[in-house]
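Coordinate analysis (summary)
These are the residues of each chain, in order.
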Amino acid sequence: MNTPTAIPFPRSETPTACRTSPALFTHEPGDTDRERTAKARKVCSAYTLAPTCLKWALANADEVPTGIWAGTTALQRRILRARLANRRVAPPAALRTAPPGRCRS
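Residues numbered from 1 in each chain as written. Predicted model: local features only at pLDDT ≥ 70, side-chain atom pairs only at ≥ 80, totals over all residues. Heavy atoms only, no water.

**Quick word on the side chain of Asn60**
Topologically, Asn60 is positioned in the loop between α3 (50-59) and α4 (74-89). Using a relative accessible area of 2% as the deciding quantity, one classes Asn60 as buried. A polar side-chain atom of Asn60 sits 2.8 Å from the main-chain carbonyl oxygen of Trp56. (Helix = DSSP H or I, 4+ residues; strand = E, 2+ residues; numbered from the N terminus. Buried < 20%, exposed > 50% of the residue type's maximum accessible area, 1.4 Å probe, protein only. Polar contact = N/O pair within 3.5 Å; in protein donor to acceptor, adjacent residues only side chain to side chain.)

Quick look at the structure:
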C-alpha cells in the first residue's frame, strides 16, 4: 500500500486478527455470509486501533474497496465518506456566520 496520505497506515506492536486471520475480514459486495461478517466486525471494532484504522480506510478508498476495516464494510465506508463530504461543504447552522445586524443565539 503506497498511497501517500497524511494519515499513517495503522500499525500495532501486537498481532491483530486482521493480520493473523485475514480470510475472516474478506468481504465482497453481495457477500451472504452474515455470521462471518458480523464476527469480523465485532472482532475488528474491539481493537483500540480501530479509530485510526477507520480514518486510514476512509482516506484511502482506492486501497480498501472491499473487506472489513475498523468494523465497517465497504458500503458503510462509502456512506461515511459521503457524510463527511457533505459536512465539509455545508457547515452546521450553528457554525454559519450570522447576517450583518443579527446575532446568533
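**Observations regarding the pattern of salt bridges**
Opposite charge on two side chains allows them to pair when their charged atoms are near. Inspection of the entire model under this criterion finds two salt bridges. Here Asp31 and Arg36 are joined by a salt bridge, their closest N and O atoms 2.4 Å apart. Asp31 gets classed as partly exposed once you look at its relative accessible area, which sits at 24%. Here Asp33 and Arg36 are joined by a salt bridge, their closest N and O atoms 3.4 Å apart. Looking at Asp33, the relative accessible area reads 34%, which means it is partly exposed. Connected through salt bridges with shared partners, the residues Asp31, Asp33 and Arg36 form a single ionic network. (Salt bridge = Lys/Arg side-chain N within 4 Å of Asp/Glu carboxyl O.)

**Section: the layout of surface pockets**
By volume, the largest pocket is sized at about 460 Å³. Every residue lining the largest pocket is counted, 24 residues in all, and those nearest its centre are Phe9, Thr16, Cys18, Arg19 and Trp69. Those elements that place two or more of their residues in the lining of the largest pocket are α1 (17-20) and α3. Of the residues in the lining of the largest pocket, the class split is 16 nonpolar, five polar and three charged. (1 Å grid on protein atoms, 1.4 Å probe; cavity = no way out; pocket = protein on both sides within 12 Å on 5 of 7 lines; lining within 4 Å. Points joined across faces, edges and corners; volume = space filled by probe spheres on them. Nonpolar A, V, L, I, M, F, W, Y, C, P; charged D, E, K, R; others polar.)

**Quick word on unusual backbone geometry**
The backbone phi angle of Ala70 is positive, close to 55 degrees, even though this residue is not glycine. With respect to the secondary-structure elements, Ala70 resides in the loop between α3 and α4.

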